[in-house]
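Each chain, written out:
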Amino acid sequence: MSHVTLGQQGVAAAEAKDWDGAITKLSKALQSSLNPGWLLARSKSLVNLHRYNEALDDANLAWHAAFQRNKRPLMIEANYRRAVAYFRMGQFANADACCIYAMRLVKKGPAVDKEDPVAHLKDPATGRWTATVEDAMKEARTDEINNVPAAMAMSESSNNTSNAQEWRMASTLRIQALSAMAKLPADDAARTATVQAKPEEKKLADLPGNVEETKRAAPSSTAPTQTPTKPQVPSDTPLRLQDFQSNTNMTVSIFSKGVNKEKLKVDFQPHSVHLDALMYPSGDEKDFQLDLWGEIDTTASKYTVTPNKVELNLVKKSPGKWAKLTSNGTPRGPAEPAVAPAISTGEKPAAETPSVVKSASTAAPAYPSSSRTGTKNWDKLDLGEDGKDDEDPSDVNGFFKQIFKNASPDAQRAMMKSFTESNGTSLSTNWDEVKNGTVEMVPPDGLQPKKWD
């Protein structure tokens, strides 16, 4: 079988989510040709098998292969694949930088600048990444690439928009990476960007397709091996929190591995929640308390336990938005004083709070959609902001849902009116622009609108 056929079969296997089969076929094909498309398909497969370092190496090599062939679309995808790998490894500043590299290429920027185009986003004193999720969301709402009707933006025949979808994918991943980074301590290593626009080039790795092949390929040895010791985690390392709120509920994820659900006791009080006991990053088992900003309904509030976290579903006593999760800026452990220095608790920024008010006794609203499957409930969108989802954050529809979710009430009205009246061919966030008349249909070039009886 020729290497071309193997490469094509490998790409098809990746599209079918046969990750092991894709890696096996693509690895053989790449021995004969460093096709950037094959490298990108193998990188995606490796990500889905949680082999992130190998996925990054393939994405970097794909960038160089595409650069040598002057293939801008493949360079864009290579930067996006780099961003995905860094995101999965928890290196959020590096992920954001690679998203920016991809978005600049979409806008016809040079592949390699004389100066690093993200240098201005690094604090000169600490080297920490200064970009914020608010910056990324503002860019997503205001950039001219989003002023093009959705149907035309994905048409390869339209000017300067042939890679609009790739721009939106990278923009969506930026929002996820920066949201995750905002929940980390100020001195966390994930806040430092070390990546460069021109990545390090390594030789092609000959990868087996699955774990069993890896074991068979590894040299056997009878010599005893020493198990590496894990680095010690300080006993005062806090638990990581992530919270989301609607008008009626506050959902809090407390990341704690190995909690005994049979032993765990959760005490809901009007202004606090006490959990006894949770597993801390240091391995210590201690109780934990959240002093809440607002009052909750203790009888309606619930909790669930999974292998990696405890999730609290707190029902607000009075509907409305909380300014933050906790009353004093930080949750307390058992030995800590009630008043502690303020640290980030991972509360969702105000700009991310959904502005669509939902009643506790009614179903969530469904928003207009031109999909054959009918209306969509955009409020149930899960973009995997904790970085644990198995799917790539590459759904362009998710981008529009995120924009709607975080838009102002006027912008939401404009989006619903323009999308509905134009039969899904135009999308505007400017209420002043669309409020005084009917939004006309704007079909893609070469198509004619048709009314159905």
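Just so you know, these numbers come straight off a predicted model, no measurement behind them. (Residues numbered from 1 in each chain as written. Predicted model: local features only at pLDDT ≥ 70, side-chain atom pairs only at ≥ 80, totals over all residues. Heavy atoms only, no water.)

A.B. asks: Explain the packing of aromatic side chains to me, and be specific about the residues and the numbers.
C.D. replies: Tallied over the full model, the rule gives three aromatic pairs. With a centroid separation of 6.4 Å and an interplanar angle of 45°, the aromatic rings of Trp293 and Trp322 are classed as tilted. Highlighted residues: Trp293 in the loop between strand S5 (285–291) and strand S6 (302–305) and Trp322 in the loop between strand S7 (309–315) and helix H11 (396–405), separated in sequence by 29 residues. Using a relative accessible area of 5% as the deciding quantity, one classes Trp322 as buried. Lying across the ring of Phe255, Arg240 places its NZ or CZ 4.0 Å from the centre. We note Lys286 situated over the ring of Tyr280; from NZ or CZ to the ring centre the distance is 4.2 Å. (Phe/Tyr/Trp six-rings, centres within 6.5 Å; stacked < 30°, edge-to-face > 60°. Helix = DSSP H or I, 4+ residues; strand = E, 2+ residues; numbered from the N terminus. Buried < 20%, exposed > 50% of the residue type's maximum accessible area, 1.4 Å probe, protein only. Lys NZ or Arg CZ within 6 Å of the ring centre and 35° of its normal.)

A.B. asks: Requested: an account of the packing of helix H1 (residues 3–15) against helix H2 (residues 19–30), with residues and values cited.
C.D. replies: H2 packs onto H1 with a crossing angle of 155° between their chain directions and a minimal axis gap of 8 Å. With respect to each other, H1 and H2 are oriented roughly antiparallel. The chirality of how H1 crosses H2 is left-handed. Each of His3, Leu6, Gly7, Gln9, Gly10, Val11, Ala13 and Ala14 in H1 lies in contact with H2, whose residues at this interface are Trp19, Gly21, Ala22, Lys25, Leu26, Lys28 and Ala29. In terms of residue class, the contact of H1 with H2 is made up of eight nonpolar, five polar and two charged. (Axes fitted to C-alpha atoms, helices over the stretch in contact; angles between N-to-C directions. Parallel < 35°, antiparallel > 145°, perpendicular 65-115°, else oblique. Left-handed = near helix turned anticlockwise from the far one by under 90°. Contact = heavy atoms within 4.5 Å. Nonpolar A, V, L, I, M, F, W, Y, C, P; charged D, E, K, R; others polar.)

A.B. asks: Give me the lowdown on the confidence of the model for the protein, citing residues and values where you can.
C.D. replies: For the protein, mean pLDDT is 77; residues scoring 70 or higher make up 72% of the total. For residues 209–225, every residue scores under 50 in pLDDT, and the model assigns this stretch ten contacts once sequence neighbours within four places are set aside. (pLDDT = per-residue confidence, 0-100.)

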